[in-house]
Structures are given as structure tokens and as C-alpha cells.
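Now for the letters of each chain:
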Amino acid sequence: MDVETLQHFDVRDVVKLNVKSLEFFGYFCPDFTTTFMKVIYYTYALLFVGSMFVLFMVSEIINMVVVFGDIEKMTEASFLLLTHLVQALKLYVFVVHNSRVRRLINSLNREEFKPKNQQQYNLLMEDVQMSRILTKIFLIMCVATCVLWGVFPLLDKDGGEETTELPLSGWFPFDTQKSPIFECVYVYLTMGAMINGLANVSMDTFLSGIIMVISGQLKLLNNSFQNLKQKCTDTSLNHIEEGLIKNIVHHKNIIQFSENMTELFTTCIMGQFVVSVIIICITMFQMSLVSVISLQFLSMALYQGCMVLEIFLWCYYGNEVIIQSEKLTQSAYSCEWVGCSRNFGTNLLFFMARSQISLKLYAGGYFALSLETFMAIVKSSWSYFAVLNRVHSDQE
């Protein structure tokens, strides 16, 4: 593959689908050049997000206050409310820090992050394709979950009751049982949950894509060090030293990018981890209250799958960052440094000493994104579910 093709590779393609989705839902202003277009977009975003997200969440908050004290109704009202509270935190970052997020995205296309050979190009293309596949799977799961939420009240009838309940709980300042108000609220809750879910999924997969980029760049850096051994027989030792310096600069750029990402989104990730423990617990509790063969159980199982997969992706690719960064010392040592200049050996030694400090991404500065953290979240959720289930059994 020629150098021009490699240099024209756009690393931003990893999160391109996510960015387009966020722009469509009014969460992330496109990079308009005119003030008029920005005003039009923010007007659209204010109306769309205000009606579909803000009012939806206000209804959930008031409903939680109204049903406070009843465990079943509180758990029914809280599992989606908690998701929306963390979603509001993510939305705050994308709206208030719009320019910083845009700079972070554009910085993906820096020269150091470009592929240097065919193997690196293939590695980046795998990341792009995987990111798109994961985003589409998440979006499909979200749509399927919300469709089931909208369908199960129509099909699942407890004890042959004729009355149809609303698909989701919420508080409204009018009687929702009268027609056509009931039908309007029914459609609003279903469509609102779907639109908010799709926007939330777009933000979550955007973050997993960013973390994927960091792990992918570390793979490229390992590959670059391993390829240095092919150049150690070259008569031009200056060329070898330039390659080492480029790798060191690449490493510094990866660290800088990961620090910028963490500074922007560490609070969001921390909030999602804390809330996920509660949501997974509450969803399991809700699933224990309905029949296994009901559509409601299937919808809750899908929702549970979305929540678990969401934090798993962050932790999995965060774990990949740790693994790939720990390989750097060995990769650097594997180049045939014997016979190279003293200056080359000194620079290589300094890099190897620095690379022994593995790169880790943290949530809130406390929890590293790793598979150990994921297991801790799952175990905590199960423990809280056991306690909640025992309290509920004692109240019956």
C-alpha cells in the first residue's frame, strides 16, 4: 500500500457514526461555519431535547416522589430515571464542552496516529468496523427494548384484565386514563424512551470508540517498535534513531490524548459505574416479579443486556489499554539494538523505563477501566439484589 493511501486514512471514522447520531438528536452541535446555522441548530436542539428528554425526566422525578415508600413502584420508577440522570451528565459535557469534545475528535486525525504500514492500516480498519458493528448492535437492542415496552401492556394481561396500563411509569398533571389522552401519553412514553435511549447509546458507544482508539494506537506503537529490528541492518543509523524518536513522540501523543479524554469524561464514566450497580440490581428485581415467558420479562432482559454490555465495553477496551501498554517494554527491547549507536541505546533505555508504568484509564480517579472493575460491579449488583429481594419478601 502506498504512503499516500496510508496518510489519507481518517482515524475519526472510528466514531463517525456516533457523532452523526449525536448531531441528529441535538446533543452535539455540528461544526458550522456560520452563526445563523448554529442558531437554527440550537433552536431545534432546545425544542427536541426539551420535549423528549427534559420533560420526560421531570415526569420521572415527580413520579418517584409520589410513589416513595413503595418498593415495587419505586424500583419500577427508578431503573429508567437513573439512566436518564447519568445521561443528563453526559449531555452536559457534550453541550457545555462542545468545542473541547470537537477538538478531541479532530485530534484523532493527527499525524502520529496515522498507519505506517499495511499491517497497521489493517489494525485500524478492524477498529473502525468493530466500532460500527457495536454501535449498530446497541441501537438495534435499544429499539427492540423500547418496542417491547410499548407492546407488552397490549398483550400481557394479568388475570385477564381488560384495562391496558401505560408502558412506563411517570407523573402527569392530568388524568391519563381518559381517551385520547391515554393514547397520546402512551405514544409519548414509548417514543420518548426510544429517542432518549438511542441518544444515550450513541454517547456510550462514542466513549467505547474513543477508548478503542487508545488501545488501537498502543497496538500500532508496539508494531512500530517491532518493525525497528528490520531497519537495524540499514547503513543509515540516523534513520533508525529517527524511527525511535517518532515512536517516543507517538507514545507521548497517546498519553496526552488519553489524559484529555479522561479529563472530559471521567465524571460521566464514574457516574455510569455507580448507577449501573443500582440499575442492574433493580432490573433483576423487576425481572423476578414477572413471568419468565412474558414480553415484559424479555424487554427487561434486553434492557439488562444493554446496561451490562455498556460497562463491559468500557472495561474491556480499558483492559486492552493496560495490556497493550504493558507490552511496550518488551516490544522496545525486541528491536535489534545491538550494534546501534550509544545515543540510540540511551533513548531506548529511557523509554523502556518510562513504559514500565502502564497506561490506565480511570473513572473519577478511583476505578481503573478493567475487567476486574467490571466483575466488581456485577458482584455488587448481585449482592444488592439479594438484599432488596429479602426486604421485599419480609414486607409481603
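Here we summarise the structure given alongside this text. The structure presented is a predicted model; accordingly, all values stated were derived computationally and were not measured.

This paragraph deals with unusual backbone geometry. Of note, the bond from S179 into P180 is cis; its omega dihedral lies within 30 degrees of zero at 5°. Within the secondary structure, P180 is located in the loop between α6 (118-155) and α7 (181-227).

On the surface, V54, V58, I62, V66 and W171 cluster together into a nonpolar patch covering about 390 Å² of accessible area. Mapped onto the secondary structure, V58 falls in helix α3 (residues 35-66).

The subject of this paragraph is the side chain of T329. Among the secondary structure elements, T329 is positioned in helix α10 (residues 328-334). With relative accessibility at 18%, the residue T329 sits in the buried group. Separated by 2.7 Å, the side chains of T329 and S355 make a polar contact. With residues up to four places along the chain from it excluded, the contact list for T329 reads M352, S355 and Q356.

Further remarks concern the environment of V49. In this fold, V49 is placed in helix α3. If sequence neighbours within four positions are ignored, V49 has contacts with F25, G26, Y27, V54 and L91.

A separate point is a negative patch on the surface. A surface patch of like charges, here negative, comprises D70, E72, E76 and E165. By the element assignment, E72 lies in helix α4 (residues 71-96). Accessibility expressed as a relative area gives 37% for E72, which makes it partly exposed.

Turning our eyes to something else, we now look at the nonpolar core. Y27, V101, W149, F206, F265 and F273 are the most contacted members of the largest nonpolar core, which totals 114 residues. Contacts of Y27, omitting those with residues within four sequence positions, involve L22, Y41, V49, F53, Q87, L91, F94, V95, N196, A199 and M203.

This brings us to helix α11 (residues 342-355). Here α11 contains 14 residues, and its C-alpha end-to-end distance of 20 Å stays within 8% of the 20 Å for a straight helix at 1.5 Å per residue. Among the residues of α11, those classed as buried are F344, L348, F351, M352 and S355. Along the axis of α11, the buried residues cluster in a sector spanning 100°; they form a single face. Structural note: α11 exposes R342, L349 and F350 on the side pointing more than 90 degrees away from its buried face.

The rules behind each value
- Residues numbered from 1 in each chain as written.
- Predicted model: local features only at pLDDT ≥ 70, side-chain atom pairs only at ≥ 80, totals over all residues.
- Heavy atoms only, no water.
- Helix = DSSP H or I, 4+ residues; strand = E, 2+ residues; numbered from the N terminus.
- Patch = residues over 30% accessible without salt bridge, like charges linked within 9 Å, V, L, I, M, F, W, Y side chains within 5 Å.
- Areas by Shrake-Rupley, 256 points an atom, 1.4 Å probe, with all protein chains shown as cover.
- Salt bridge = Lys/Arg side-chain N within 4 Å of Asp/Glu carboxyl O.
- Buried < 20%, exposed > 50% of the residue type's maximum accessible area, 1.4 Å probe, protein only.
- Polar contact = N/O pair within 3.5 Å; in protein donor to acceptor, adjacent residues only side chain to side chain.
- Contact = heavy atoms within 4.5 Å.
- Lys, Arg positive; Asp, Glu negative; His and termini not counted.
- Charge placed at Lys NZ, Arg CZ, Asp CG, Glu CD.
- Core = buried A, V, L, I, M, F, W, Y, C linked by side-chain atoms within 4.5 Å.
- Expected span 1.5 Å × (residues − 1).
- Arc of directions from axis to C-beta.

Remember, this is a structural readout, not a statement about activity or role.
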